[in-house]
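Here is what each chain is made of, one letter per residue.
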Amino acid sequence: LDIAFANAGIESGDASIEEIAPDAWANVLAVNQTGVMLTVQHAVRLMKDNPGGAAGSIIVNSSMNALRPLGNFVAYSTTKAAVVALAKSAAVYCGQAGYRIRVNAICPGVVETDMIRNVIARQPDAAAARAMYEGMAPLRRMAQLDEISGLVAYLASDEAAFVTGAEIAIDGGTTAGMMGV
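Each chain carries its own residue numbering, running from 1 in the direction its sequence is written. In view of the model being predicted, local features appear only for residues whose pLDDT reaches at least 70, and side-chain atom pairs are presented and counted only at 80 or more, with totals across whole chains, interfaces and linings using the full set of residues. Hydrogens and water are ignored here; the side-chain numbers use all heavy atoms of the structure.

K.L.:
For this particular structure, what's the right way to read the overall build of the protein chain?
P.N.:
Secondary structure assignment for the protein chain yields five helices and four strands. The linear arrangement of helices and strands in the protein chain, starting from the amino end, is β-α-β-α-β-α-α-α-β. Based on C-alpha atoms, the radius of gyration is set beside the globule rule, defined as 2.2 Å times the residue count to the power 0.38. Taken against the 2.2 N^0.38 rule, which gives 16 Å for 181 residues, the C-alpha radius of gyration of the protein chain at 17 Å falls within 12% of a compact globule. By the burial criterion, 38% of the 181 residues in the protein chain qualify as buried. A sequence separation of at least 24 residues applies to 72% of the contacts in the protein chain between residues at least 6 apart. Per-residue and other accessible areas follow the Shrake-Rupley method at a 1.4 Å probe size, with only the shown protein chains counted as cover for residues. Carbon and sulfur atoms provide 58% of the accessible area of the protein chain, an area that totals close to 9,800 Å². Across the protein chain, the centroid of the 12 positively charged side chains sits 5 Å from that of the 17 negatively charged ones. A run of H or I in DSSP counts as a helix once it spans at least four residues, and a run of E counts as a strand once it spans at least two, with each numbered from the N terminus. Whether a residue is buried, partly exposed or exposed follows from its accessible area with a 1.4 Å probe, protein chains only, as a fraction of its type maximum: under 20%, in between, or over 50%, in that order. Contact criterion: two residues are considered in contact whenever any of their non-hydrogen atoms come within 4.5 Å of each other. Positive residues here are Lys and Arg, negative ones are Asp and Glu, while His and the chain termini are left out of the count. Where a charge sits is defined by one atom per residue type, namely NZ (Lys), CZ (Arg), CG (Asp) or CD (Glu).

K.L.:
Looking at this structure, how should I read the environment of Val163?
P.N.:
Inspection of the secondary structure assignment puts Val163 in the loop between helix H5 (145-156) and strand S4 (167-170). Along the chain, Val163 and Val103 lie 60 residues apart, while their C-alpha atoms are 8.2 Å from each other. Setting aside chain neighbours within four positions, we find Val163 in contact with Arg102, Asn104, Tyr154 and Leu155.

K.L.:
Quick question: what am I supposed to make of the pattern of salt bridges here?
P.N.:
When their charged atoms lie close together, side chains carrying opposite charge are able to pair. For salt bridges, the criterion is a side-chain nitrogen of Lys or Arg within 4 Å of an Asp or Glu carboxyl oxygen. A complete count under the given rule lists six salt bridges for this structure. For Arg141, the salt bridge identified is with Glu147, shortest N-O distance 2.7 Å.

K.L.:
It is not clear to me how the nonpolar core should be interpreted in this structure. Could you clarify?
P.N.:
Soluble globular proteins: nonpolar side chains tend toward being buried together. The term nonpolar core refers to a set of buried residues drawn from Ala, Val, Leu, Ile, Met, Phe, Trp, Tyr and Cys, joined through side-chain atoms within 4.5 Å. Val40, Val44, Ile58, Val60, Ile101 and Val103 are the most contacted members of the largest nonpolar core, which has 23 residues in total. Sorting the residues of this core by element identifies strand S1 (3-6), helix H1 (22-47), strand S2 (55-61), helix H2 (74-96) and strand S3 (100-108) as the ones contributing at least two each. Tallying contributions element by element places H2 first for this core, with seven residues. Once you skip the residues sitting within four places of it in the chain, Val44 turns out to touch Ile58, Cys94, Tyr99 and Ile101. One finds Ala143, Leu151, Val152 and Leu155 within the second-largest nonpolar core, a separate group that totals ten residues.

K.L.:
In this structure, what is going on with the packing of helix H3 (residues 114-121) against helix H4 (residues 126-134)? I would like to understand it.
P.N.:
The axes of two packed helices give the description: the angle between them and the distance between them. Between H3 and H4, the least distance of the axes is 8 Å, while the angle of their chain directions is 135 degrees. Relative to H4, the element H3 is oriented oblique. Of the residues in H4, those in contact with Ile116, Arg117, Val119, Ile120 and Ala121 of H3 are Ala126, Ala129, Arg130 and Tyr133. Residue composition of the contact of H3 with H4, grouped by class: seven nonpolar, no polar and two charged. Where helices are involved, their axes are fitted lines through C-alpha atoms of the stretch in contact, as for all axes, and angles between N-to-C directions lie from 0 to 180°. An angle below 35 degrees is treated as roughly parallel, one above 145 as roughly antiparallel, one from 65 to 115 as roughly perpendicular, and anything else as oblique. Classes in brief: Ala, Val, Leu, Ile, Met, Phe, Trp, Tyr, Cys and Pro nonpolar; Asp, Glu, Lys and Arg charged; the others, Gly included, polar.

This is the structure we're talking about:
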């Protein structure tokens, strides 16, 4: 195994700290945090046995909400922050063990996926909903899938041979600072 991309995330049943139910909390943690940990764990174990020695690239898909949590999505925000720490911990471990296994986290902003397009289409004012999503980033648009996959491809490549333990925001500037009024 040379490349692993831990790309998991749900927010079903999520709510505020006051309102989230324990079973909803556990479900989000199971997918977003435990599922990612198991992916990274098994990837490291497999990459250790690569023919040229312990080497590979593991990329964890987190979220801009790891850096700027949402008040009404406490489990999602918490788990996405936790997988950034998981990636960093795994990167340090692999380096100290002498493995050439790199582990990095990406923190995308809103990406124009089918899921987001469907959310927009279901709103009473689809144009206003689209404008709200596009207005979150200083670049005034949502990310496109190929922009995210381009970063993943770079991190998986030999060109990123000295990049490990990084958390990389790819959010059009959303987490860089406040846009003002």
